[in-house]
2 protein chains.
Amino acid sequence: MFTGLQLKNPDLPFFSHLTLLFTHHLIVMKFSLVLGGLAALASTAVSVKVNPLPAPRNITWGSSGPIPVGDVILRTSDSHHHKHKIVRHAWARAWDTITDLKWVPAATEAPIASYEPFPTGAGLTKRTAVTISSVQVSIVDGDAELQHGVDESYTLDVAASSGSIKIHAQTPWQLIISDGRGGLIIEQPVHIWDAPLYPYRGIMLDTGRNFITVPKILEQIDGMALSKLNVLHWHLDDSQSWPVEMETYPQMTKDAFSPREIFSKSDIRRVIGYAKARGVRVIPEVDMPGHSASGWQQVDPQMVACAHSWWSNDVYKYHTSVEPNPGQLDIIYNKTYEVVKGVYDELSDIFEDNWFHVGADELQTNCYNFSTYVTNWLTEDPSRTYNDLVQYWLDRALPIFRGASPDRRLMMWEDVYLSDPHGTDVPRDIVLQTWNGGLTNIKKLTSSGFDIIVSSSDFLYLDCGRGGIVSNDPRYDVQSNPDGGVNFNYGGNGGSWCAPYKTWQRIYDYDFTTNLTKAEAKHVLGVEAPPMVDSVTVSNEFWPRAAALGELAWSGNRDASGRKRTTLLTQRLLNFREYLVANGVQAQVLLSKYCMQHPHACDLYYNQTVIT
Amino acid sequence: MFTGLQLKNPDLPFFSHLTLLFTHHLIVMKFSLVLGGLAALASTAVSVKVNPLPAPRNITWGSSGPIPVGDVILRTSDSHHHKHKIVRHAWARAWDTITDLKWVPAATEAPIASYEPFPTGAGLTKRTAVTISSVQVSIVDGDAELQHGVDESYTLDVAASSGSIKIHAQTPWQLIISDGRGGLIIEQPVHIWDAPLYPYRGIMLDTGRNFITVPKILEQIDGMALSKLNVLHWHLDDSQSWPVEMETYPQMTKDAFSPREIFSKSDIRRVIGYAKARGVRVIPEVDMPGHSASGWQQVDPQMVACAHSWWSNDVYKYHTSVEPNPGQLDIIYNKTYEVVKGVYDELSDIFEDNWFHVGADELQTNCYNFSTYVTNWLTEDPSRTYNDLVQYWLDRALPIFRGASPDRRLMMWEDVYLSDPHGTDVPRDIVLQTWNGGLTNIKKLTSSGFDIIVSSSDFLYLDCGRGGIVSNDPRYDVQSNPDGGVNFNYGGNGGSWCAPYKTWQRIYDYDFTTNLTKAEAKHVLGVEAPPMVDSVTVSNEFWPRAAALGELAWSGNRDASGRKRTTLLTQRLLNFREYLVANGVQAQVLLSKYCMQHPHACDLYYNQTVIT
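The text that follows walks through the structure, step by step, so that each part is easy to find. Small disclaimer: the values here were computed from a predicted structure and weren't measured.

Bringing the interface of chain B and chain A into the picture now. With 98 residues of chain B at the contact, the number on the chain A side is 98 residues. For the pair chain B and chain A, the two sides together bury roughly 8,700 Å², of which 55% comes from carbon and sulfur. Our count for the chain B to chain A interface comes out at six salt bridges. Between Glu-261 of chain B and Lys-593 of chain A there is a salt bridge, with its nearest N and O atoms 2.8 Å apart.

Right, here's the structure in full:
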């Protein structure tokens, strides 16, 4: 096998970029996937049809057999040279990764083996002399901005014995295939046409419940780039903490967990820039008016209702929040809107994306029993309901939120339309993120005309099944199964509201457009997975499961004949997990390594078509 | 607050050890707990009664108030100077940790707060001039070996205004308290008497299903030392891989996952030495005759039955193993015992502990349909049963296992006595590890006269609830809850045989001697938590939950009045998790950090006595 080390020539011009990357040596980006994919095409001298993750939409193989990949020169063909900085840097990282990692797959996909029946009585393909020596990238629109809907399609060709790789892309933001394997020879000819099924393929980071350090955020972006996920939804704060440095109201970070757990503006710019270079958008969220105490209460305690109440899940008629600690913006208090505008405008200045998530989930009416403003407002006119209160919020807050930019598009959680209480006239241009009710809510929302992002908790919540998130819980104090059946501690949910744990199969098998009309299906803009994590936990929780989501949203979970290809994802995902780890992304182990080394040996069913 | 940095004097003799520890800078050991605990006794000038984990058996406070801790000199008082190397090194690490980490707790235990009622209508203690400047350690038996039953008890005294800390220990192997907090002043006077409830407090590392690197194993030992766990049960191999370098049969490591995933003899010695310096025993396991294929099959394929069979969970009457891949030692084939003896003797030479675990779990009779030796043996005498086959194994293998040393004590999984098939005459001196059936099996085994280690899967299996460990599983492909009830994907087990996830509360609340007679209870030697992990996952899975187990086995889960103190463990464990992370042990996050900073704010019940 040829290795990158043998072929590496440090005199070639694009290697000059490599030294700059020294401090990021663990980090690989999506453009690495150009060569990662190519290098992977054959790691032995026999013909290998690689199995990249996410699977490309279309890949056509010839039969000429593998050829070596030599030192490869990047050529670009459009005239927008200023845009090529991104491509050149990506290229440099890519080549660096390939030559440094010298990745060898544990095993590629193979048919399930034949086994001895259960006893019941008692060729080398000829190599060509050609070597791949250039990658030619042409970009139709080098000026395209990284925003929702940017064209991410591309074609990739290795013509028989051509000596070069041709990539033709609509914009610089395409994400190019890899299965994360090394070995610098290439099966050819090959033609790939690829483009995402959905323009929004995201994960959510919650830095409000627990802080996540910038290096760990960058690690997630690396994983996203490798698996063609393109939206980082950054749930900045929650009632538990306010970690964002603010100029307008510097006192808000008194509610950071500690002075070390604050994002400076330059931290945020670093995340945005790092993500952009890898084709990942960063959409901020400030969750309002629910999930709001920390930060806001430092500006004006009156703008937060019920901040110091007992959350009272034990006496449910008095409960003020769905989880500790309580706190909601006071919707009737006038100064609330002044502070909200100050915070929102300042954050709008720093986050470059046209989209902004403004929360609106899980409003608890009981919380407002603690607000004299709200109780007076309700008393003034007995016809007023809590739904009217939500609409009051929308009527006053939406002009502020829309005012930041003419291109501003708002996201909210589905609660604002579906929950009790909910708005009475929710504008249809708001993108709603659905997290409850699975297919039922998807149908409800899309048939009502909303564009949606799918985050159904029964399929995509990565933190499910890890027990409860509260203390002093007597339900765990049970010494034996009370009835032999399924209950809290025995086969049941163990205190996790969305148990069981969502396996990669569960994620990948989700047919989230089932039963939608064609028109409704067009309202589904994409998918997103949100867990609760902290710096130590985050990579384990996301990876490699988010990569299964990446493929689901990029090229779907079915083959050309319409059959689910979950069993074929297995080998791809097991290898990809090792590649993530090799790239410094601390991904969870899924199965015994034996399973990766022996394709399908760990299948539950011998029948390979049992998942339909 | 005084910090270690201010007080640190690099001229003191014990600092000479510090440079040696440079490469282990992330590592803290149990002896750090001397000062960790002491330093933690007060981090503010107001009186603080610390809350160490595990809680000591007895702690008595005076009321003189906190005094500073200065540069502290270690004095030892027995004549066994050669043994003091361990104490001196531990001391050096301890002081290093304290002065480097400068640990400040997020919040100490506090009573649950008072909250505003739900609206329904609409002092400094005076400081003394004394400074703590020495720690005086006296050891009764400096020659005691680190083996099962070694006396780990100690007393720790800070007399009022005495200027010194006195530690009186029976052996060098005591584990001394800490709550993992810094700040070098000390509440005094204080008297601690401490000793473990159970001599066996373990975790199990499985390096057969997935490899775990030596640094990650050492990281677990750090966590163990910090939480007073004292046995590392090292499940060396399994059917999936053989990772141990062997001189007798060097070909066995052909079944390592890769050449990088092999433990050399010096790796193993390093682990044993590192553990010993921290009072942790290392008990090896070679799982036989079940769970055996890798390694053995390289010596002689005939000694492994059904290694190449389909595991066949899908056609259960043909199933050959409880998980992929299959393989069991052929019990009738003579050469099996020759090879087993070679392997066992070589490992017995390197592992220093008197105990050795020889497996004996989950034997599948169907596997032996593939063995002509076994099928012929059964046919020869139709009265022979599979139980006789198990007994045949014991009769031939036990003399080999006992032969290694006159002090050898054997451990086996309970299956050898309780499962179908099982031995017909299992010697009562074998320590059985119980993992099924909770209290029922504990009663069965102890009433039968066996000493046991408790690893009940319903309470102590840390990898439960993370979904299935097999691929091609159609059960995940369900798009909505079929009946609105609890089932596989909705509130159910999600493919995890021992779901749900075992929370720290579940672990801590386990009263594993319930309903035992006094005589039966004496047979319970301790507890152990075993998960399936790999290098990336291992620290997250064990920590901080294993620390809850540490306290359960060290000082129990009840206060002096017999009431469960789970709600008081909360603050201790949340802080301890942060301390683990600060010491380089990558422990899982349990709750939002807000919960740690606000004691009991995240309790499910306001009533603090709801867990009884």
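Residues and elements named next belong to chain B. Most of strand 12 (residues 409-413) is tucked away: four of the five residues are buried. Taken together, the three bridges between strand 11 (residues 355-359) and strand 12 define a ladder with parallel strand orientation. Paired with His-357 across the strands is Met-411, a residue of strand 12. Pairing geometry for strand 12 and strand 13 (residues 431-434), over three bridges, is parallel. Among the inter-strand pairings, Trp-413 is bridged to a residue of strand 13, identified as Gln-433.

This part covers the packing of aromatic side chains. All names here are of chain A. Overall, the coordinates contain 50 aromatic pairs over all chains when judged by the stated rule. Note on Trp-435 and Tyr-461: the rings are 6.2 Å apart at their centroids and 20 degrees apart in plane angle, and the pair reads as stacked. With Trp-435 in the loop between strand 13 (431-434) and helix 11 (438-447) and Tyr-461 in the loop between helix 12 (457-460) and helix 13 (504-508), this pair connects stretches of sequence that are 26 residues apart. Taken together, the ring pairs in this structure connect Tyr-337, Tyr-344, Phe-356, Trp-393 and Phe-401 into an aromatic cluster. The ring of Trp-355 is capped by Arg-281, whose NZ or CZ atom sits 5.1 Å from the centre of that ring.

Let us now look at unusual backbone geometry. For the peptide bond that leads from Asp-420 of chain A to Pro-421 of chain A, omega is 5 degrees, which places it in the cis range. Positionally, Pro-421 of chain A belongs in the loop between helix 10 (415-418) and strand 13. Cis rather than trans, the peptide bond between Pro-324 of chain B and Asn-325 of chain B has omega equal to -5 degrees. With respect to the element layout, Asn-325 of chain B can be found in the loop between strand 9 (304-305) and strand 10 (328-329). In the Ramachandran plot, Asn-472 of chain A falls in the positive-phi region, its phi being about 50 degrees despite a non-glycine side chain. Overall, Asn-472 of chain A belongs to the buried group, its relative accessible area being 2%.

Put plainly, a disulfide is one covalent bond tying together the sulfur atoms of two cysteines. Residues and elements named next belong to chain A. Considering all chains together, one arrives at six disulfides over all chains under this definition. For Cys-595, the disulfide goes to Cys-602, at an S-S distance of 2.0 Å. Between Cys-595 and Cys-602, the S-S dihedral sits near -80 degrees, and the bridge is therefore left-handed. Exposure remark for Cys-602: the relative accessible area of 1% places this residue in the buried category.

It is worth spelling out the sheet that holds strand 6 (residues 200-206) of chain A at this point. Residues and elements named next belong to chain A. Around the barrel, eight strands lie side by side as 6-7-8-11-12-13-14-15; this closed barrel has parallel pairing. Averaged over all neighbouring strand pairs, the angle between strand axes comes to 30 degrees, with direction disregarded. For strand 6 and strand 7 (residues 231-235), the ladder comprises five bridges, and the chain directions are parallel. By the bridge assignment for strand 7, Ile-203 is matched with Leu-232. Along the sheet, helix 9 (residues 386-402) contacts strand 8 (281-288), strand 11 (355-359) and strand 12 (409-413); its crossing angle with strand 12, the most-contacted strand, is approximately 140 degrees.

Rules used throughout
All residue numbers refer to positions counted from 1 along the written sequence of the respective chain. To label them, take the chains in the order written and letter them from A, then take the ligands in the order written and number them from 1. In keeping with the predicted nature of the model, local features appear solely for residues at pLDDT of at least 70, side-chain atom pairs appear and are counted solely at 80 or more, and the whole-chain, interface and lining totals rest on all residues. Heavy atoms from the whole structure form the basis of all side-chain values; hydrogens and water molecules are not counted. Should any heavy atoms of two residues lie within 4.5 Å, those residues are counted as being in contact. Once two parts are brought into contact, the accessible area they lose, counted with a 1.4 Å probe and summed over both, makes up the buried area. What counts as a salt bridge is simple: a side-chain nitrogen of Lys or Arg found within 4 Å of a carboxyl oxygen of Asp or Glu. A 1.4 Å probe rolled over the protein chains alone gives each residue an accessible area, and that area as a share of the maximum for its type sets the label: buried under 20%, exposed over 50%, partly exposed in between. In DSSP terms, a helix is any run of H or I states spanning at least four residues, a strand is any run of E spanning at least two, and both are numbered starting from the N terminus. Here, strands pair whenever DSSP counts at least two bridges between them. Centre distance within 6.5 Å is the pairing criterion for rings of Phe, Tyr and Trp, where only the six-membered ring of Trp is used; planes under 30 degrees apart are then read as stacked, over 60 as edge-to-face, and the remainder as tilted. Charge-over-ring contacts are defined here by two conditions on Lys NZ or Arg CZ: a distance within 6 Å of the ring centre and an angle within 35 degrees of the ring normal. Cysteine sulfurs are considered disulfide-paired once they come within 2.5 Å of each other. Under this scheme, a helix contributes an axis fitted over its contacting stretch, all axes are lines through C-alpha atoms, and angles between N-to-C directions fall in the 0 to 180 degree range.

The analysis is restricted to geometry; functional conclusions fall outside its scope.
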